[in-house]
Each structure stands twice: as structure tokens, then as C-alpha cells.
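Below are the chains, spelled out letter by letter.
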Amino acid sequence: MTPFTGSVALLLGFTARLVACSADACTSLRNHVSIPNTTIVAIDYLANGTSIALPGTVESCGGSSLTANATADLCRLVLVVSTSPSSEVQLEAWLPDPSIWNRRFLATGDGGIGGCIDYATMQNGAGLGFASFGTNAGHNGSVGYEFFLNQPEVINDFGHRAIHVEAEIGKDIVRQYYGTGAAKNYYVGCSTGGRQGFQNAHLYPEDFDGFLLGSPGVDWLHIVASKGILARRVGWPYLNSSAYVRPEQWPVIVEAQIRQLDPLDGVVDGIIDEPTKQRFDPASLACGTGVLNSSFCLSPQQVESVRRAYQPIASSSGQIVYPAFELGSNTDVFSENQENGTAILGYTILQDFWRGTIYNDSTWVPNEFEVSDMDLALKINPGQVNAGETDLSSFYDRGGKIISYHGRNDETVTSALSEQFFVGVQSTLDLTLEDIHSFYRLFFIPGMHHCLGGLGAWSIGNAMAYPYDKTLLDSDHNALVALVEWVENSTEPKILVGTKYEDDSIGGTITAQRTYCPYPMVSKWNGVNDTSLATSWKCVSPGI
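The present account deals with the structure reproduced in this document. (Residues numbered from 1 in each chain as written. Predicted model: local features only at pLDDT ≥ 70, side-chain atom pairs only at ≥ 80, totals over all residues. Heavy atoms only, no water.)

Turning our attention to the overall build of the chain. Per the secondary structure count, the chain includes 14 helices and 19 strands. Its C-alpha atoms give the chain a radius of gyration of 24 Å, within 12% of the compact-globule value 24 Å for 544 residues. Dimensions of the chain, computed from C-alpha atoms along their principal axes, come out at roughly 85 × 60 × 50 Å. Counting across all 544 residues of the chain, residues that qualify as buried make up 56%. Contacts spanning at least 24 positions in sequence make up 67% of the contacts within the chain whose residues lie at least 6 apart. When the accessible surface of the chain is split by element, carbon and sulfur atoms take 51% of a total near 21,500 Å². (Helix = DSSP H or I, 4+ residues; strand = E, 2+ residues; numbered from the N terminus. Rg over C-alpha atoms; globule rule 2.2 N^0.38 Å. Buried < 20%, exposed > 50% of the residue type's maximum accessible area, 1.4 Å probe, protein only. Contact = heavy atoms within 4.5 Å. Areas by Shrake-Rupley, 256 points an atom, 1.4 Å probe, with all protein chains shown as cover.)

Shown next, in the form of C-alpha cells:
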């Protein structure tokens, strides 16, 4: 046996012993972990690359055929935590072997009305060495109302409690498995997960050191209610009304907006860079203008309906409570509103949540949804779910960091909401721009849809997007890496570089990259070089 072969054999033998020790430590957790009100329901030791079958997954979370990949040699736990006599939260923990653990804890959030563990982000986190956790936020499934009906404690879990439970129990699991606590604690979430993150920073500022929050659904009840109000504004549910704008007309309307407004940023790429700054007159699409053919052009009543669809939403008292739907974004959340000639809103969260938490009525439908229905929900604020609080002073005072990002082509949560929330935090804490940038930076991604996807260079290490590109695991190209650098080394994220892949296959062929900037700075083409190169885009002050 050559010395090299002998060294390999020794290394393999040592590795095998480490794996055996880790596997033993994992399986022994069932007997040694002691956490009040917590039960381990499943425990497995998994080698890196193992496909994990998830047969108990409900249909709205991917169904019984859903699988995940073990992205490290890890101990996987499924736990149930009783949060009250009538409620419980399911947690999942992926604990990389002690030899590869990076001494960091990573929690994740949910989307929509919760109910689905974010395996995409957990896979990314474990692959980087984080002890990674997920939660169902107190119920299983992202569609339905039954789990909320007459269940106030389940609503509390989804509304405000689940992430705090995940943080507390998760940290305890980490201490008991590794024999020491994490050096730093992080949270990653998008949409509802973004809402959960900002809410946690407000209510439980000690839970995490850093947050990565995408397309955050703060002011959540207004976001959901807006879909019903916009549907009503465009003539729904009266499908034969002269004011009703048919579903098939909307893609043509949006295409006309893009065609008209896209060139204003200097680059014709199918993307409206700053839709909140633009104005569109639907009269330009009226029948007789020749812009659209007779099948899609707008009658006078439809012109007014489209105009109203792009106006802000006000409460019954006349106060503007939600920004206008953004030009150039897909309108399906309010315009997909009929099935086989019957008025049915395709956006199910409104009906589900109002049925289960506002009216406690399994027969309620949103066909006559009014501003008063929205106002009532805000008055009740079930489970403190709205989460529009801008007082992050305690989190700021303890030195916490937040990176938030939002697509400018977001069809679900208008990106103007992130502008307003950022300014609201700055105002509440009475901070200069330099001060707020010392702990909270917001990046807008032109051409990105809700959380991920779209025509733009959207991949920045997003929540809910697996896998990460292993060739771009640096603080310029990956927002989680940037957050860690900021929290642990005080390296401020001055830019993020987004990447566009062929067929949106992360890690595949790169077709474009673009530099993004902390708000209120904007990303602007230099007017000379190839627009597909990140170096061709600079951060400039707004209006320049």
C-alpha cells in the first residue's frame, strides 16, 4: 500500500467514525432532549445528498410526492410544540454535523396564510452550515379556512407567535445538540415570511441578530383586502356589466403599459424600473384610438374601471391605507375572477382568511366585498396579523441588522409598500438616512415578481429559491452572505448584484447581471456599456 493510499484509507476510516458518532448523537436526541411542551415526532440521520420523502405533506404545500434534499450530513428532527391547550406549532430542524456547523442559527418563515415549511431556504441554509429551522406557523396547508374557524389560539400562532416559538425552541435544540449556543441568530423569509420577520423585530427584538426579508407583507390585512377591492373596481362580480373588464383583456392592458413606459428608463428591456413614479392613462386604449383591436379595446365604462384599478385604496374615513397597484405587473390577483362564466375570485386568501378569522362563517364569499369589510378586519386584527408597526427602536438599539428586498414587478405586494414602510421606520425612530442605513437597507429589484422570478436579474440569494449558485457565494451576489458579513464583520452592503440565468435555472448559464442599490439610491445604466453587465449599472441619487 502506498503512503497516499494509506492516508486515504485512514481519512475514510476517520470520516466513518465521525459519521457514526454524529448518527449516534442524532438518534440519542429523542431520549436526551428536554424542552417543555415539545415532542419529537420524527428523527433521522441523513447523509449529504439524501432525498427526503415528505409523504405527509398536504396538497397545497406540494402534496405527498414532495421531496427535499439533505444538503449536508445532518440530523433531521420534526417537533410539535404546544403553544396553548388548543394549538400547536410544527417545527423542523436540520442540524449539520458538529464538524461542519458554522455556529449560526437560521430560522425561516412562511408564505400566504402559512401552513407550509420553507424547505427551499432550509436546504440552502444547511448547505452553508447553518442549523436551519422551519415552521408551519400553527397549521398545515396554505389553502383553507377550517384550521382558523373558531380557533383563536391557532390564529395567534399564525398572527404573531410562531416565529418567536421557532426562535426559542430552535435555540434550545441547538444548545442541547451541539453543547453550545449559536454565536449569531438569523432569520430569512419572503412575503408573509417578510411580514413575520418585521413583526418579530418589533415584538421580540432579542430573537435574532439579522433579518433577510423579501417582498415583505407588512400591513398584511390591507394587502389581502386590496384584491377584493380591486376586483370590485373593475366590475366584478357583475360579469355582464359594461364596466366589467374581462380577464383576457388584462394581459393586453399590461403589455401596453410596458410598451409605453419601459423606454423611459433608457433601456428597452420589457421592464419598468420605477413603476411608482410613472403615470398611465387608460384612455389611450379606448376603442377608436387604434391601439388595441375591437376584441380588447376599452369601452368608456371600462376605461374608468381600469383607471380605478390603479388608484390607491382608502378606508371608510378617506385615509389612504394602501398604495396603488403597480403598472406593468401581472393583474391575476384581482382579474382572474371567473370560472366557466361564474364569478369566483381566483385569489383564495381573501375568502379563506375572512371566513376563518373575521366572520367565522364557512359560507362567506367576497363577491360583495366593500371597504367596510377591510376596515372591520383591521379593527379586529386577528392574532395581531397585520404587523404594520414601524417602531423597531429596540432592535435598532441592540445593533440588529435588516436587509430587505422587493421586486418592482411584484403582483402580490406592491413595492411602494416597502418604500412607505422604510420611510415610516425612519420617521418613527427619527433617523437620518445615514442612521437608518446603519441597520436597515432596502433594495429594489426591477423586473422581479413576487419573491422571485421575472424578466429582471432577480437572483440575489432569495428566500424560497433553491439552490444557491455555489459560484456566487459572496456578499455582492448573495444577500444572506451579505447579511452575515454585516452582522459579524460590520461590512455594510453597499450594493447587491442580481443575476439572470437562462430559463431561470439558478447556477446555469448567466445571461445578465445588474447592480442594485440601497433605497433611495437607484440603479441606472451608464448609457454606454452592455446592459447585461453589472458594471454597466451605477447607484445614483433619485432624479438624476
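A word on the state of the cysteines. The full count for this structure, using the stated rule, is five disulfides. Disulfide pairing is shown between C26 and C75; the S-S distance is 2.1 Å. Across the S-S bond linking C26 and C75, the dihedral sits near 75 degrees, which makes this disulfide right-handed. On the criterion of sequence distance, the pair formed by C26 in helix α1 (residues 3-32) and C75 in strand β4 (residues 74-84) is long-range, its members being 49 residues apart. (Disulfide = S-S within 2.5 Å.)

Let us look at the nonpolar core. Counting residues in hydrophobic clusters, the biggest one holds 110 residues, and the most contacted among them are L77, L95, W354, F439 and Y440. For this core, the element with the most residues is helix α3 (residues 152-178), which contributes 12 residues. Among the nonpolar cores identified, the runner-up in size contains 30 residues, and L106, F443, W486 and L496 belong to it. (Core = buried A, V, L, I, M, F, W, Y, C linked by side-chain atoms within 4.5 Å.)

With respect to the secondary-structure elements, S215 resides in the loop between β9 (210-214) and α5 (220-233). Here C451 takes part through its backbone nitrogen, which lies 3.1 Å from a polar atom of the side chain of S215. For S215, the residues in contact, after removing those within four places along its chain, are C190, S191, Y405, H406, G407, D410, V413, M448, H450 and C451. (Polar contact = N/O pair within 3.5 Å; in protein donor to acceptor, adjacent residues only side chain to side chain.)

Across the interface, α5 lies against helix α9 (residues 348-358) with an axial gap of 8 Å and an inter-helix angle of 120 degrees. Classified by the interaxial angle, the pair formed by α5 and α9 is oblique. The handedness of the crossing between α5 and α9 comes out as left-handed. Facing W220, L221, V224, A225 and G228 of α5, the residues of α9 in contact are I349, L350, F353 and W354. For the contact of α5 with α9, a count of residues per class yields eight nonpolar, one polar and no charged. (Axes fitted to C-alpha atoms, helices over the stretch in contact; angles between N-to-C directions. Parallel < 35°, antiparallel > 145°, perpendicular 65-115°, else oblique. Left-handed = near helix turned anticlockwise from the far one by under 90°. Nonpolar A, V, L, I, M, F, W, Y, C, P; charged D, E, K, R; others polar.)

Here the focus is the pattern of salt bridges. This model, assessed by the stated rule, comprises 19 salt bridges. Across the pair R307 and E304 runs a salt bridge whose closest N-O atoms are separated by 3.6 Å. Of this pair, R307 and E304 both sit in helix α7 (residues 300-309), three residues apart, roughly one helical turn. On the basis of relative accessibility, which here comes to 30%, the residue R307 falls in the partly exposed class. Ionic contacts of the salt-bridge type, sharing partners, join the residues E274, K277, R408 and E419 into one network. (Salt bridge = Lys/Arg side-chain N within 4 Å of Asp/Glu carboxyl O.)

Another point: the side chain of N136. Tracing the chain through its elements places N136 in the loop between β7 (131-135) and α3. Classification of N136 by relative accessible area gives buried; the value is 4%. Within the structure, N136 has its side chain in polar contact with the backbone nitrogen of Q90 (distance 2.9 Å). Setting aside chain neighbours within four positions, we find N136 in contact with V89, Q90, D110, G114, G115, C116 and I117.

The subject of this paragraph is the pairing of strand β16 (residues 496-501). Within a regular strand, the side chains alternate between the two sheet faces. In terms of residue burial, β16 counts as a mostly covered element, since six of its six residues are buried. Of the two faces of β16, the one lined by L496, G498 and K500 and the one lined by V497, T499 and Y501 are each fully buried. Note that β16 and strand β17 (residues 510-516) share six bridges and pair antiparallel. Within β17, the position partnered with L496 by the bridge is Y516. (Pairing = 2+ DSSP bridges.)

Here we take up helix α2 (residues 119-127). Of all the nine residues making up α2, eight are buried; the element is thus mostly covered by neighbouring parts of the structure. Within the sequence span of α2, burial applies to Y119, A120, T121, M122, Q123, N124, G125 and A126. In the core, the buried residues of α2 are packed alongside β3 (67-69), β4, β5 (87-96), β6 (104-108), β7 and β8 (184-190). Looking one or two residues past α2, G129 carries a phi angle of roughly 100 degrees, positive in sign.

Our focus in this paragraph is the sheet that holds strand β14 (residues 401-407). With mixed pairing, nine strands are arranged side by side in an open sheet as β1-β4-β5-β7-β6-β8-β9-β14-β15. The sheet is open, and its two edges are formed by β1 (38-46) and β15 (440-445), each paired on a single side. Each strand of the sheet is rotated relative to its neighbour by a mean of 15 degrees, with strand direction disregarded. Looking at chain direction, β14 and β15 are connected through six bridges and run parallel.

Counting buried residues along β5, eight of its 10 residues qualify, which places the element largely inside the surrounding structure. Where β4 meets β5, 10 bridges bridge the pair, whose relative direction is antiparallel. Looking across to β5, one finds that L79 is bridged to L91. Connecting β4 to the antiparallel partner β5 that follows it, the hairpin turn spans two residues. Pairing analysis gives four bridges linking β5 to β7, with the strands arranged antiparallel. By the bridge assignment, A93 is partnered in β7 with F133.

As for its placement among the helices and strands, S99 is situated in the loop between β5 and β6. For the pair S99 and N31, spaced 68 residues apart in sequence, the C-alpha to C-alpha distance is 22 Å.

Moving on, we get to the packing of aromatic side chains. Throughout the structure, instances matching the rule amount to 30 aromatic pairs. Aromatic side chains F353 and W354 sit 6.4 Å apart centroid to centroid with 65 degrees between the ring planes, which places their arrangement in the edge-to-face category. Note on accessibility: F353 and W354 belong to one class, buried. Between R195 and the ring centre of F158, over which it is positioned, the NZ or CZ distance is 5.0 Å. If you follow R195 out to its NZ or CZ, it ends over the ring of W220, 6.0 Å from the centre. (Phe/Tyr/Trp six-rings, centres within 6.5 Å; stacked < 30°, edge-to-face > 60°. Lys NZ or Arg CZ within 6 Å of the ring centre and 35° of its normal.)

None of the figures reported here should be taken as evidence of function without further support.
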